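Inside the fold
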Amino acid sequence: MPTVIHRTRSELEAQRAQLLASVNMTYEQLAERAAMYSLSMDELDVWHTIEGIDYLLDGDC
């Protein structure tokens with residue numbers, strides 16, 4: 001059976017901010033580097049996680 005993790009909106013926002021801080025970049029800087037395919041593997045993991053968080057936050061209207 002798959003594991004489901006439940007997070008509140010504020011927990012997701014806090015996790016997103018912590019991820020950006022961990023790579024010392026703003027969202028815009030990270031997105032620009034992702035578009036140019038110039039992220040390290042760790043930064044790419046952060047980018048994909050932030051994309052997932054943003055998907056969840058956009059769906060939480």
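Nothing here was measured: the structure is a model prediction, and the numbers come from that model.

This next bit is on the overall build of the chain. A count of helices and strands for the chain gives three helices and zero strands. In sequence order, the chain lays out its α and β elements as α-α-α. For the chain, the spread of C-alpha atoms along the principal axes amounts to about 35 × 25 × 20 Å. Counted over contacts in the chain with a minimum sequence separation of 6, partners at least 24 positions apart contribute 46%. Surface exposure of the chain reaches about 4800 Å², of which carbon and sulfur atoms provide 56%.

The next subject is the pattern of salt bridges. Throughout the structure, instances matching the rule amount to three salt bridges. The shortest N-O distance in the salt bridge between Glu-43 and Arg-33 comes to 3.1 Å. Here Glu-43 is found in helix α3 (residues 41–58), whereas its partner Arg-33 is found in helix α2 (residues 27–35), with ten residues between them in sequence. According to the relative accessible area criterion, Glu-43 is buried, its value standing at 14%. Classification of Arg-33 by relative accessible area gives partly exposed; the value is 27%.

Next up on the list: the packing of α2 against α3. α3 packs onto α2 with a crossing angle of 115° between their chain directions and a minimal axis gap of 11 Å. Here α2 lies roughly perpendicular to α3, going by the angle between them. The crossing of α2 and α3 is left-handed. Mapping the contact onto sequence places Tyr-27, Leu-30, Ala-31, Arg-33 and Ala-34 in α2 and Glu-43, Val-46, Trp-47, Ile-50 and Asp-54 in α3.

What counts and how
Residues numbered from 1 in each chain as written. Predicted model: local features only at pLDDT ≥ 70, side-chain atom pairs only at ≥ 80, totals over all residues. Heavy atoms only, no water. Helix = DSSP H or I, 4+ residues; strand = E, 2+ residues; numbered from the N terminus. Contact = heavy atoms within 4.5 Å. Areas by Shrake-Rupley, 256 points an atom, 1.4 Å probe, with all protein chains shown as cover. Salt bridge = Lys/Arg side-chain N within 4 Å of Asp/Glu carboxyl O. Buried < 20%, exposed > 50% of the residue type's maximum accessible area, 1.4 Å probe, protein only. Axes fitted to C-alpha atoms, helices over the stretch in contact; angles between N-to-C directions. Parallel < 35°, antiparallel > 145°, perpendicular 65-115°, else oblique. Left-handed = near helix turned anticlockwise from the far one by under 90°.

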